[in-house]
Amino acid sequence: MSSVDTSQISILYNSSNHDTETLQDLYSAMLKPRMIEEKMLILLRQGKISKWFSGIGQEAISVGVIKALYKHEYILPMHRNLGVFTTREIPLKRLFAQWQGKASGFTKGRDRSFHFGTQEFNIVGMISHLGPQLGVADGIALASKLKKEGSVTAVFTGEGGTSEGDFHEALNIASVWDLPVLFCIENNGYGLSTPTTEQYRCKDLADRGAGYGMEAHIIDGNNILEVYEKISAIAESMRKEPRPVLVEFKTFRMRGHEEASGTKYVPQELMDEWQAKDPVLNFENYLLENNIISLDHISGIKEKILQEINEHLEIVNSEPIVSADLETELKDVYADYEYEEVQPASTTSELRFIDAIAASVSESMERHPNLVLMGQDIADYGGVFKITDGLLTKYGKERIRNTPICESAIVSTAMGLSIKGMKAMVEMQFSDFVSSGFNPIVNYLAKVNYRWNQNADVVIRMPCGGSVGAGPFHSQTNEAWFTKIPGLKVIYPAFPADAKGLLNTAFNDPNPVLYFEHKALYRSIRQEVPEGYYTTEFGKASLIREGSDVTIITYGAGVHWAMEILDELEVDSADLLDLRSLQPLDKEAICESVTKTGKAIVLTEDSLTGSFASEIAAMITENCFESLDAPVYRVGSLETPIPFAKELENQYLPKDRFKLKLQELLNY
Ligand SMILES: Cc1ncc(C[n+]2csc(CCOP(=O)(O)OP(=O)(O)O)c2C)c(N)n1
């Protein structure tokens, strides 16, 4: 670091409210990430570490915010917030190990740089997609509010990230629910190469606060004292009066988007202007000029930090590179869960499919006091299908939560609840709308346990399926969007008794479960269902009919179509397997049946290309080829969107084609 003339202090500081120790501490806390980065640059040039997102010039924000929060308060940093990690006092060796992909880091070499969380330090790192982080902060804040902790959750975003829908959704939810989230925008002038003029059109990003009915502030992000003092005061007031606050920190990105990507597109005058406002050098000069610190003291601090860096680097350099162990890799995709069997009672009563689901939701609310339900119109209105009807009166509006139309941030909120040890259920109004919440499901919930050993205890209920004359956006069966994502469990019952037992298990399982409930079955399918609470194990198919000529494999509405066709054709020699659970999949039951019958037909309501039926057909061919007496048949819907008019929908759906294909296979 070059030394600057002590008269050159272009930041206005007022240290009168702080003792010498605090001021020196703030200085050395800023110096540490700066010195680590300077060391990293050398290592990068030597090819010893991978690319890097520099926070040089932005240290006052990370340090000031962390210093203003209590250690038990969660913070969700972004890629330029090294100062957050160092100020929370994460041992440097663990950070270095994380960056080198070594086992003593936070992700066992599975994720890079700042992409990790740690409950030990109450830090929840980002996923690359930036925006979901903000909704996760909502969930953590919601949990702390429900637990009456009186604490603040701070989350970071760059100004580029504020253009994502997740930013809007997360701020809106926090506002509507009065969540104590401190939204910190680090406005550093560029999002990769995009200047602020091409990113947004309001004067200041803090102006957006008004749009959410949210208090907002602008803070000089290069002035450590201003950051520390203002954030301390804001946080204290948020603890007393829980509410979200938006803060825009004005700062500048002094290096490229990532190391090695350069800054050619940044005008030199801007660089010079901000170089003069360097947060570390200015503060150093201020402290020197006011005799709050001496040159000797500064050398002492620097020497100590350098020694720490070198020692910790040495430790990590001598650690072996991470070794690949297949069993561990596969095991860590899901959180450990030992299925708890609760036997059904012998007394039963007749329930419709929809009533069985409602019974499970209600009984699970009773059983899990930490379970929170979220969804559009699920409170007073009881949900569009009335599954949560009556629950508001029973459990209150803290646990039965109407949400704004924000699928993405609500899924992220559910993730945040899980980080705080709570359980969440999200009701998608229609499974079609999950596309608006797709990103956090497949990128956050699905990957988080594998990445840093944090489970996502979330059930997403998915009212799905056709035969309801509801057209392309209220009729899809989109399980195949999820069955291919490691980390998710996918359940798809066809009968009321299974619906109840499987949903109960979904609430017990600490992993993310997508629970598909077919709308056409809601009020048309009835069954004697055991009374009271019981569970049904995932990954076990159910053999509905038994025979030796052919195996029919299906799930959801397909099970009922298959039964109708078997009755109509008077076929009583078929094995009919209702999968019930797609992920995990009961491969054994499928193979056992196909080995017996030698013929397999897979029926799905989905269109065939890339469908789960295709996966099953491939699995059968690969594993049971020698037992097969005929090709494995797949029957599904047409390769078109699902149409509205009855005639068109009937042609689209596979029931009639299934009848023909089944006959063809039986005669093969
Ligand atoms: C959804 C998504 N789109 C694009 C990117 C690629 N990307 C990563 S960081 C970044 C710029 C982010 O800018 P900003 O939010 O201002 O943060 P800064 O890097 O300036 O700190 C971009 C475009 C991404 N990671 N995720």
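Up top is the structure.
As the structure is a computational prediction, the values presented were derived from the model and not from experiment. (Residues numbered from 1 in each chain as written. Predicted model: local features only at pLDDT ≥ 70, side-chain atom pairs only at ≥ 80, totals over all residues. Heavy atoms only, no water.)

Here's the deal with the overall build of the protein
When helices and strands are counted, the protein shows 25 helices and 23 strands. Against the globule reference of 26 Å for 668 residues, the protein gives a C-alpha radius of gyration of 29 Å, in line with a compact fold. Each principal axis of the C-alpha atoms in the protein carries an extent, and together these give about 95 × 55 × 45 Å. Considering the protein as a whole, with its 668 residues, one finds that 60% of them fall into the buried category. At a minimum sequence separation of 6, the contacts of the protein that also span at least 24 residues come to 80%. Counting every atom, the protein has about 26,200 Å² of accessible surface; 50% of that belongs to carbon and sulfur. Here the protein holds 64 positive side-chain charges and 93 negative ones, and the gap between their average locations is 2 Å. (Helix = DSSP H or I, 4+ residues; strand = E, 2+ residues; numbered from the N terminus. Rg over C-alpha atoms; globule rule 2.2 N^0.38 Å. Buried < 20%, exposed > 50% of the residue type's maximum accessible area, 1.4 Å probe, protein only. Contact = heavy atoms within 4.5 Å. Areas by Shrake-Rupley, 256 points an atom, 1.4 Å probe, with all protein chains shown as cover. Lys, Arg positive; Asp, Glu negative; His and termini not counted. Charge placed at Lys NZ, Arg CZ, Asp CG, Glu CD.)

Topic: the sheet that holds strand S21 (residues 581–583)
Pairing in this open sheet of seven strands is mixed, and the strands run S12-S11-S13-S14-S16-S15-S21 from one edge to the other. On the outer flanks of this sheet lie strand S12 (400–402) and S21, each paired with one strand and no other. The sheet shows a mean angle of 20 degrees between the axes of neighbouring strands, taken without regard to direction. Both strand S15 (residues 489–491) and S21 contribute to a ladder of two bridges, which runs antiparallel. Its bridge partner being in S21, Ile-491 is matched across the sheet by Ser-581. Along the sheet, helix H15 (residues 407–419) contacts strand S11 (371–375), strand S13 (423–427) and strand S14 (458–464); its crossing angle with S11, the most-contacted strand, is approximately 175 degrees. (Pairing = 2+ DSSP bridges. Axes fitted to C-alpha atoms, helices over the stretch in contact; angles between N-to-C directions.)

Things to note about the environment of Ile-173
On the secondary structure map, Ile-173 appears in helix H6 (residues 165–176). Expressed as a C-alpha distance, the spacing of Ile-173 and Asp-207, which sit 34 residues apart in the sequence, is 18 Å. Dropping the residues within four chain positions of it, Ile-173 is found in contact with Asp-138, Leu-179, Pro-404, Cys-406, Ala-409, Ile-410 and Thr-413.

Here we look at the packing of aromatic side chains
For the coordinates displayed, the defined rule picks out 22 aromatic pairs. Directly above the ring of Tyr-633 sits Lys-661, whose terminal nitrogen or CZ lies 4.2 Å from the centroid. (Phe/Tyr/Trp six-rings, centres within 6.5 Å; stacked < 30°, edge-to-face > 60°. Lys NZ or Arg CZ within 6 Å of the ring centre and 35° of its normal.)

Considering the side chain of Asn-508
Tracing the backbone shows Asn-508 in helix H19 (residues 496–508). Asn-508 gets classed as buried once you look at its relative accessible area, which sits at 8%. Polar contacts involving the side chain of Asn-508 include one to the side chain of His-368, which spans 2.8 Å. In this view, Asn-508 contacts Tyr-337, Arg-367, His-368, Lys-423, Tyr-533 and Thr-535; residues no more than four positions away in its chain are not counted. (Polar contact = N/O pair within 3.5 Å; in protein donor to acceptor, adjacent residues only side chain to side chain.)

Overview of the sheet that holds strand S22 (residues 600–607)
As summarised here, the arrangement of the five strands in space is S18-S20-S19-S22-S23, forming an open sheet in which the pairing is mixed. Single-partner strands in this sheet number two, and they are strand S18 (542–545) and strand S23 (633–637). The mean angle between the axes of side-by-side strands here comes to 25 degrees, regardless of whether they run parallel or antiparallel. Across the sheet, helix H25 (residues 655–666) lies against strand S19 (550–554), S22 and S23, angled at about 175 degrees from S23, the strand it touches most.

Concerning the pairing of strand S9 (residues 245–250)
Along any regular strand the residues' side chains alternate between the sheet's two faces. Burial analysis of S9 places five of its six residues in the buried class, which makes it a mostly covered element. Here strand S5 (residues 181–187) pairs with S9 via six bridges, running parallel. Following the sheet pairing, Ile-185 is matched in S9 by Glu-248. Note: strand S8 (residues 215–220) against S9, six bridges, orientation parallel. Pairing of Asp-220 across the sheet is with Lys-250, part of S9. Crossover S8 to S9 through helix H8 (residues 224–240) is right-handed. (Right-handed = clockwise from strand over helix to strand, strands pointing away.)

Looking at the pattern of salt bridges
Counting across every chain of the model gives 41 salt bridges. A salt bridge links Glu-248 to Lys-250; the shortest N-O distance between them is 2.9 Å. On the basis of relative accessible area, Glu-248 is assigned to the buried category, the value being 0%. Residue Lys-500 pairs with Glu-363 through a salt bridge whose shortest N-O separation is 3.3 Å. A residue pair is termed long-range when its members are at least 10 positions apart, and Lys-500 in helix H19 and Glu-363 in helix H13 (residues 353–367) qualify at 137 residues. Overall, the relative accessible area of 21% leaves Glu-363 in the partly exposed class. Each of the salt bridges in this network shares a partner with another, and the network as a whole consists of Lys-108, Arg-110, Glu-329, Lys-331, Asp-332 and Asp-336. (Salt bridge = Lys/Arg side-chain N within 4 Å of Asp/Glu carboxyl O.)

Quick look at the site of the ligand
In the vicinity of the ligand, 14 residues are found, and the nearest of them are His-79, Arg-80, Ser-128, Gly-160 and Tyr-190. In the model, an oxygen atom of the ligand is placed 2.7 Å from a nitrogen or oxygen of the Gly-160 main chain. Burial of the ligand by the protein chains amounts to 70% of its free accessible area of 580 Å². (Near = heavy atom within 4 Å.)

Observations concerning the side chain of Glu-649
Within the element layout of this structure, Glu-649 appears in helix H24 (residues 646–652). Those residues in contact with Glu-649 that sit more than four places away from it in its chain are Gly-466, Ser-467, Val-468, Gly-469, Ser-475, Ile-642, Pro-643 and Phe-644.

A word on the pairing of S5
For S5, the buried fraction is high: seven of the seven residues fall into the buried class. The side-chain alternation of S5 yields two buried faces, one formed by Val-181, Phe-183, Ile-185 and Asn-187 and the other by Leu-182, Cys-184 and Glu-186. Pairing between strand S4 (residues 153–158) and S5: six bridges, direction parallel. Directly across from Val-155, in S5, lies its bridge partner Phe-183. Viewed along the sheet, the connection from S4 through H6 into S5 turns out right-handed.

Here we look at the packing of helix H1 (residues 20–45) against helix H4 (residues 92–99)
Packed helices, taken two at a time, are described by the angle their axes make and the gap between the axes. Interaxial distance between H1 and H4 falls to 13 Å at its minimum, and their mutual angle equals 40 degrees. Comparing the axis directions of H1 and H4 gives the class oblique. Considering how the two elements wind past one another, H1 and H4 form a crossing that is right-handed. Each of Lys-32, Ile-36 and Met-40 in H1 lies in contact with H4, whose residues at this interface are Leu-92, Phe-96 and Trp-99. By residue class, the composition of the contact of H1 with H4 is five nonpolar, no polar and one charged. (Parallel < 35°, antiparallel > 145°, perpendicular 65-115°, else oblique. Left-handed = near helix turned anticlockwise from the far one by under 90°. Nonpolar A, V, L, I, M, F, W, Y, C, P; charged D, E, K, R; others polar.)

Examining H15
In an α-helix there are 3.6 residues to a turn, and that puts residues three or four apart on one side. With 13 residues, H15 extends 19 Å between its outermost C-alpha atoms, agreeing within 8% with the 18 Å of an ideal straight helix rising 1.5 Å per residue. Buried residues dominate H15, accounting for 13 of its 13 residues. (Expected span 1.5 Å × (residues − 1).)

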